[in-house]
Amino acid sequence: MPKSQVRKKKVYTPPSDIRPTSTAASRKPSPIWLPITAVTLIVVGIGWLVVYYLSETQYPVASWHYWNLAVGFGAMVASLILLSRWR
């Protein structure tokens with residue numbers, strides 16, 4: 001059986017002067033309010049949209065018309081932004 005060849009190139013090691021200063025292990029965990037607030041915003045956003053559609057645009061605020069959709073989806077987008085910062 002033929003013998004395998006030896007690797008001639010050295011293994012790459014990144015230069016030490018451009019390594020990131022903060023590592024994932026040194027970051028602090030997220031505060032407890034962050035996931036609670038994010039889940040609350042998701043539930044409120046979905047609830048807002050469900051109430052808006054089931055009431056045939058009379059509730060939550062009839063004078064806002066289609067801006068009720070922006071409020072519902074805005075709450076859900078805000079929760080996604082919060083969840084992207086969760087560690």
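Please refer to the structure higher up on the page.
Now for a quick tour of the structure.

Cut-offs and rules
Note that residues are indexed from 1 along each chain, following the sequence as it is written. Selection of residues for local features in this predicted model requires a pLDDT of at least 70, selection of side-chain atom pairs for listing and counting requires 80 or more, and totals for whole chains, interfaces and linings are taken over all residues. The basis for every side-chain value is the complete set of heavy atoms in the structure, and neither hydrogens nor water enter the calculation. Starting at the N terminus, helices and strands are each numbered in turn, a helix being any DSSP run of H or I of at least four residues and a strand any DSSP run of E of at least two. Exposure is judged per residue with a 1.4 Å probe applied to protein chains only, and the accessible area is read against the type maximum: over 50% gives exposed, under 20% gives buried, and values in between give partly exposed. By convention, a stacked pair of Phe, Tyr or Trp rings (six-membered ring in the case of Trp) has centres within 6.5 Å and planes under 30 degrees apart, an edge-to-face pair has planes over 60 apart, and any other such pair is tilted.

Moving on: unusual backbone geometry. The omega torsion across Y59 and P60 is -5°, close enough to zero to call that bond cis. As for its placement among the helices and strands, P60 is situated in the loop between helix 1 (33-54) and helix 2 (67-84). Although it is not a glycine, E56 sits at a positive phi angle of roughly 55°. Position of E56 relative to the elements: it lies in the loop between helix 1 and helix 2. On the accessibility criterion, E56 (63% relative accessible area) is exposed. If you check the backbone angles, T57 has positive phi at about 65° while not being a glycine.

Turning next to the packing of aromatic side chains. With the rule as written, the count across this model stands at 2 aromatic pairs. With centroids separated by 6.2 Å and ring planes inclined at 20°, the aromatic side chains of W48 and W64 adopt a geometry described as stacked. In this pair, W48 is assigned in helix 1 and W64 in the loop between helix 1 and helix 2, connecting sequence segments 16 residues apart. For W48, a relative accessible area of 21% translates into the label partly exposed. Here the aromatic rings of Y52 and Y53 are separated by 5.5 Å at their centres, their planes lie at 65°, and the arrangement is edge-to-face.

Note that all results are geometric; they support no functional claim without further evidence.
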